[in-house]
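# Tertiary structure, described
This is what each chain is made of:
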Amino acid sequence: MQADLYIKNGLVVTEEATFHGGVVVADGKIVELVAGNIDVAAKETIDVNGKAVLPGIVDDHVHFNEPGREHWEGYEAGSKAAAAGGVTTFMEMPLNATPPSIDRDKLIHKREAIKNKSVVDYAHWGGLVDNNLDELEGLHEEGVIGFKSFMSESGVDFKRIDDDMLYGGLVKSRELGNVVGVHAESEHVTRFLAEQIQATGRIDRNAWSESRPPAAELEADKRAIYWAKVTGGNLHIVHVTIAEGIHAVDQAKREGVNVTVETCPHYLFFDNDDFVRIGPAAKCAPPLRVREEVEKLWECVLAGMVDTIASDHSPCPTADKVKGNDNIWQAWGGITGVQAMLPAMLTEGVHKRGMSLSLLVKLMCTNPARIFGLYPQKGSLLPGSDADIAIVDLNKTWTLAAEDLFSLHKQSAYAGYTFQGQVERTFVRGTAVYENGQIKVEPGYGNLLRR
Ligand SMILES: [Zn+2]
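Residues numbered from 1 in each chain as written. Predicted model: local features only at pLDDT ≥ 70, side-chain atom pairs only at ≥ 80, totals over all residues. Heavy atoms only, no water.

Here Glu293 is to be found in helix α11 (residues 291–302). For Glu293, the contacting residues outside a window of four places in its chain are Pro214, Ile242 and Ala243. (Helix = DSSP H or I, 4+ residues; strand = E, 2+ residues; numbered from the N terminus. Contact = heavy atoms within 4.5 Å.)

This is the structure:
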């Protein structure tokens, strides 16, 4: 059999190993990994000259806000940004689209609205809110990869949960074989602190950070873990920013609790001083942390204690950021990050801190596919997996210009930063979807994936 594509002479990276070799593709699947620079008969051969050949990034946490708020981003712009960032599969949140995907009908409505818009493959999260336990089974049957919930206010039309729904949702996750994702911050303490700080008239950027301290995050982490332990449910804590939270998860895993933990590139790339300087584009919840916390979080990543790294890409119209320039409470919280996540991790992780490429692949490709039921179709370069591949020039130094963002609104905390490591080409199922600044496929190329 003649292969369709042979990507040769690369630095092939899997979660297990990094070696000089190539990837052979036929019918959109990987059929063989070869070591060394040998000849393979293929319709098309691409010599990548020693550049890195990674599995495409599997970003398990993005908000593309469609339907209802597609003027914030939408599937076409968001998926193009993903492709440019080496992301070949994204898992999209039930909010901030409106209506949010909290039952089967609303999920189907969303899928109708977004079909024929994505340039890469995608899966959907369902939502767990204050009153929809009976809807989780229907969402599960539609193939959602998890049920996202908020322990603190989400800021949009998506109700937060208390311990009753957290308990009930975790029981359902066990029964269905799915997973509950939680945004873990204490609603009561963050609200109390925000009101106290606002009462003093403070509108500065540190006021936001001080209203959402590490302790408010850790308390919620521990509470969610406790209920996961009691129920035997499957818990995934999203965007943990503090080492103590990671340690709590690590301890729980040793006790047999089914819990996994995500952090995001922005909690590793930026610190609170950057937030104070950059302003609203770097506002998020939980907030960026002080440098000492950032370095402790890095220690957890490098020690293999974090399960996934996801972008939590959450854009908004520029005006919703600008209005917070002088009063941070007014700005939308969310970072435009899907296009920069891999370069950010290469720069700060691989180059600056000696993170191995295999660990990067494990956290950004293989583990997310595994946790959310898409492995080994996604997240792997093993024979039989979809030929989702990112070709990366590891040593290229470049600066991200705002106008080069594929996002609808050309703003990001990462804009203007210089990175070491650039995505050159992205393949989805053996087809180039992105190449040197250009999107190569029409919207709609991307396929829906189900757990
Ligand atoms: Zn999010």
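When its domains are assigned, the chain resolves into domain 1 (3–53 + 385–396 + 418–439) and domain 2 (56–371). For domain 1 versus domain 2, the separation of C-alpha centres amounts to 29 Å. At the interface, 26 residues of domain 1 touch 26 residues of domain 2. At the boundary of domain 1 with domain 2, the tally comes to 2 salt bridges. Arg429 is the partner of Asp121 in a salt bridge, and the nearest nitrogen-oxygen pair spans 2.7 Å. In this assembly, domain 1 and domain 2 are joined by 9 residue pairs in polar contact (both at pLDDT 80 or more). (Domains from an automatic or database assignment. Salt bridge = Lys/Arg side-chain N within 4 Å of Asp/Glu carboxyl O. Polar contact = N/O pair within 3.5 Å; in protein donor to acceptor, adjacent residues only side chain to side chain.)

Next up on the list: the environment of Glu44. Counting through the fold element by element, Glu44 comes out in strand β4 (residues 42–47). Setting aside its immediate chain neighbours within four residues, Glu44 contacts Asp4, Leu5 and Tyr6.

Taken together, the 4 bridges between strand β16 (residues 418–428) and strand β17 (residues 431–435) define a ladder with antiparallel strand orientation. When the bridges of β17 are listed, Phe427 appears paired with Ala432. Between β16 and β17, which follow one another and run antiparallel, lie 2 residues, and Arg429 among them has a positive phi close to 50°. Across 2 bridges, the pairing between β17 and strand β18 (residues 438–439) is antiparallel. Paired with Tyr434 across the bridge in β18 is Ile439. Remark: 2 residues form the turn of the hairpin made by β17 and β18, two consecutive strands paired antiparallel; Asn436 in that turn has positive phi of roughly 45°. (Pairing = 2+ DSSP bridges.)

Let's shift gears to the sheet that holds strand β10 (residues 147–150). Judged by pairing direction, the sheet is parallel, and its 6 strands sit side by side in the order β9-β10-β11-β12-β13-β14 without closing on themselves. Looking at the sheet topology across the chains shown, the edges are occupied by β9 (126–127) and β14 (308–309). Relative to strand β13 (residues 259–263), strand β12 (residues 235–237) is paired through 3 bridges, and the arrangement is parallel. Following the sheet pairing, His236 is matched in β13 by Thr260. Here helix α8 (residues 243–254) sits on the sheet and contacts β12 and β13; the angle it forms with β13, its principal contact strand, is near 160°. (Axes fitted to C-alpha atoms, helices over the stretch in contact; angles between N-to-C directions.)

For the zinc ion, every protein donor is listed as His61 (NE2), His63 (NE2) and Asp312 (OD), and the spread of their distances is 2.0 to 2.2 Å. Using a relative accessible area of 4% as the deciding quantity, one classes His63 as buried. (Donors = N, O, S within 2.8 Å, 3.2 Å for Na, K, Ca; no water. Buried < 20%, exposed > 50% of the residue type's maximum accessible area, 1.4 Å probe, protein only.)

Glancing now at unusual backbone geometry. The residue after Glu66, namely Pro67, is reached through a cis peptide bond having omega 5°. Omega for the peptide link from Tyr375 to Pro376 comes to 5°, which places this bond in the cis form. On the secondary structure map, Pro376 appears in the loop between α14 (357–371) and β15 (389–399). Notably, Asn116 is not glycine yet its phi reads approximately 65°, a positive angle. Counting through the fold element by element, Asn116 comes out in the loop between α2 (104–114) and β8 (121–124).

Before going further, it helps to examine the pattern of salt bridges. Note on pairing: side chains with opposite charge can pair once their charged atoms come close. Inspection of the entire model under this criterion finds 40 salt bridges. Close ionic contact of Glu210 with Arg202 constitutes a salt bridge, the shortest N to O distance being 2.8 Å. A residue is classified by how much of its surface remains accessible, and Glu210, at 40% relative accessible area, is partly exposed. A single salt-bridge network, built from bridges that share partners, covers Lys29, Asp121, Lys378, Asp386, Asp388 and Arg429.

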